[in-house]
Amino acid sequence: MFPSRFDLIVAETISDAVQAKADAGEGGRFLAGGQSLIPMMKMRVAFPEKLIDINRISGMDAIERSNGHLHVGALVRHADVAASDAAFGAIVAAAPWVADPLVRNRGTMCGSVAHCDPEGDWNSVLLATGADVVARGPGGERPIPIGEFVDGAFTSSLAEDELVVGLRIPVPAGRSGGAYLKLERKIGDYATVAVASHLELDDSGAIAAAGLAMTSVNPINTKVVDAEALMVGQQPSAELFAEAAELAAAAAEPRDDVRGTAAWKRQVVRTYTKRGLAAAAQQAEGS
Amino acid sequence: MEITVTINESDHAGDVEPRTLLVDHIRRTVGLTGTHIGCDTTSCGACTVLMDGRPVKSCTVLAAQADGAEVTTVEGLKTADGLHPIQSAFTDDHGLQCGFCTPGMMLVGASLIAENPDPSDDEVRWAISGNLCRCTGYMNIVKAIRTAAARTAAAASESNGS
């Protein structure tokens with residue numbers, strides 16, 4: 001299989017890429033790792049007229065901490081995230097579960113986020129950790145909170161002439177921990193169910209901030225805001241996490257499909273929420 | 001568009017359509033057919049090559065994206081002394097049945113050993129988790145990769161005189 005014909009524009013700078021996208025309009029697509037886009041083009045589900053390759057732009061391949069944030073450049077591959085000392089909590093936990101090792105060597109975290117696959121792993125992690133997507137357009141750069149970035153399945157709120165140049169994930173100031181528990185039929189499959197957890201503790205050991213988000217149990221990745229609100233200010237405990245798990249199970253509306261029944265998936269949400277939060281709390285207490 | 005890809009240490013210049021996939025370029029234009037096309041949907045890993053040292057699925061990379069890159073295919077594994085340790089280990093440990101997944105398995109194995117000289121069974125299984133063997137001959141693939149690691153380490157310690 002091969003894609004339909006397109007013009008390839010190899011951008012050397014961010015502004016060239018943004019200009020090329022503005023010129024191309026709807027028929028233009030950016031190409032980073034290509035691990036979702038190229039298969040879609042081969043299946044002729046996507047057929048851009050102009051493909052703007054950003055892989056040769058320098059300065060976008062760093063994952064590093066500065067000014068209280070973890071910055072992930074647009075060309076940081078999943079494998080780079082997995083190997084990074086700068087990453088933390090749920091991000092470190094999720095990286096090895098994205099796709100398979102070969103795809104992780106090529107696919108980028110930002111590309112995956114921008115793709116807005118409703119069953120993608122990263123957007124749950126970003127919802128749990130409260131990240132921003134950094135977009136660059138002709139008028140400059142703007143951070144977009146992940147909750148506003150995702151507009152729906154395979155749809156983002158990016159303007160036509162904006163490029164995702166990075167992610168900005170707040171690094172917790174105090175003790176923190178995170179987890180990403182993913183059930184999949186085989187390596188490289190979509191999640192049957194996955195749960196991202198993120199906890200920050202204050203000096204007394206109470207939960208200062210909580211993040212909880214789910215993959216593959218709703219039409220898009222879902223932040224369980226009532227469970228998060230419930231946990232803030234409380235001491236971590238099995239009872240508290242069981243209560244949060246009930247709220248998560250109630251917020252999940254999975255479907256019966258080849259991966260399992262809705263009732264069973266909801267039970268997995270419950271179990272993974274309890275386990276994930278317990279792991280996050282344990283990591284935070286030891287940090 | 002004009003591209004030059006270094007494949008197994010030789011430069012291959014050519015004019016490709018932008019939509020040409022790296023695997024097709026390697027097989028059809030350059031004529032190296034050791035890199036296989038299995039699923040053609042980024043699932044099976046039969047088309048695995050090393051691109052700048054990292055194993056990737058060449059059915060999911062444009063040839064144009066490999067312009068200026070160093071690519072190693074299964075044909076590039078052999079050394080001046082003969083077979084690469086991974087190749088002789090696959091032969092000795094019966095690491096293949098039909099052989100279709102073998103080029104990908106060997107490249108992933110060689111890349112793993114370069115990073116981790118003494119991988120455990122679990123580490124090998126994790127490393128090859130993007131490569132499918134539909135003969136389900138995984139036991140001997142894992143064994144062969146570990147044998148290759150052990151032989152590579154033994155050869156290294158011998159040449160160090162220790």
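Residues numbered from 1 in each chain as written. Chains lettered and ligands numbered in written order. Predicted model: local features only at pLDDT ≥ 70, side-chain atom pairs only at ≥ 80, totals over all residues.

### Here's the deal with the overall build of chain B
Summing up its helical and strand segments, chain B has five helices and five strands in all. Starting at the N terminus and walking to the C terminus, you meet the elements of chain B as β-β-α-β-β-β-α-α-α-α. Taking 162 residues into account, the globule formula puts the C-alpha radius of gyration at 15 Å, and chain B, at 16 Å, falls close to it. Each principal axis of the C-alpha distribution contributes one length, and for chain B these read about 50 × 35 × 20 Å. (Helix = DSSP H or I, 4+ residues; strand = E, 2+ residues; numbered from the N terminus. Rg over C-alpha atoms; globule rule 2.2 N^0.38 Å.)

### Focus: the pairing of strand E13 (residues 207–215) of chain A
Residues and elements named next belong to chain A. Of all nine residues in E13, eight are buried; the element is thus mostly enclosed. Here eight bridges tie strand E12 (residues 193–201) to E13, and the two strands are oriented antiparallel to one another. Looking at E13, one finds that Leu 201 is bridged to Ile 207. Between the end of E12 and the start of E13, which pair antiparallel, lie five residues, with Gly 205 showing a positive phi angle near 90°. Where E13 and strand E14 (residues 222–223) come together, two bridges link them in antiparallel fashion. Across the sheet, Met 214 pairs through a bridge with Thr 222, a residue of E14. (Buried ≥ 20, exposed ≤ 12 C-beta atoms within 10 Å, placed from the backbone. Pairing = 2+ DSSP bridges.)

### Looking at the interface of chain B and chain A
At the junction of the two partners, chain B supplies 21 residues and chain A supplies 21 residues. Counting residues per element, the side of chain B that touches chain A draws most heavily on strand E4 (residues 54–57) of chain B, at four residues. Split into classes, the residues belonging to the side of chain B that touches chain A amount to eight nonpolar, nine polar and four charged. (Contact = placed C-beta atoms within 7 Å. Nonpolar A, V, L, I, M, F, W, Y, C, P; charged D, E, K, R; others polar.)

### Re the domain arrangement of chain A
Residues and elements named next belong to chain A. We note that the domain assignment places domain 1 (7–53), domain 2 (63–170) and domain 3 (175–285) within chain A. Listed per partner, the contact involves 23 residues of domain 2 and 25 residues of domain 3. Among the elements of the structure, helix H4 (89–94), helix H7 (122–129) and strand E8 (150–152) are those that each provide at least two residues to the side of domain 2 that touches domain 3. With six residues, H7 is the single largest residue contributor to the side of domain 2 that touches domain 3. (Domains from an automatic or database assignment.)

### Some remarks on the packing of helix H3 (residues 102–115) of chain B against helix H5 (residues 138–159) of chain B
All names here are of chain B. H5 packs onto H3 with a crossing angle of 40° between their chain directions and a minimal axis gap of 10 Å. The orientation of H3 with respect to H5, classified from their angle, is oblique. The two elements H3 and H5 cross, and the hand of that crossing is right-handed. Mapping the contact onto sequence places Met 105, Gly 109, Leu 112 and Ile 113 in H3 and Ile 141, Ile 145, Ala 148, Ala 149 and Thr 152 in H5. Looking at the contact of H3 with H5 residue by residue, the classes come out as seven nonpolar, two polar and no charged. (Axes fitted to C-alpha atoms, helices over the stretch in contact; angles between N-to-C directions. Parallel < 35°, antiparallel > 145°, perpendicular 65-115°, else oblique. Left-handed = near helix turned anticlockwise from the far one by under 90°.)

### Let's talk about the sheet that holds strand E3 (residues 48–51) of chain B
All names here are of chain B. With respect to topology, five strands assemble into an open sheet ordered E2-E1-E5-E3-E4, the strand pairing being mixed. Two strands bound the open sheet, and with one partner strand each, they are strand E2 (10–15) and E4. Across this sheet, the average inter-strand angle for adjacent strands is 40°, counted without regard to direction. Bridge count between strand E1 (residues 2–7) and strand E5 (residues 70–72): two bridges; the pairing is parallel. Residue pairing in the sheet places Ile 7 in a bridge with Val 71 of E5. Helix-sheet contacts for H3 involve E3, E4 and E5, and the interaxial angle to E3 is about 35°.

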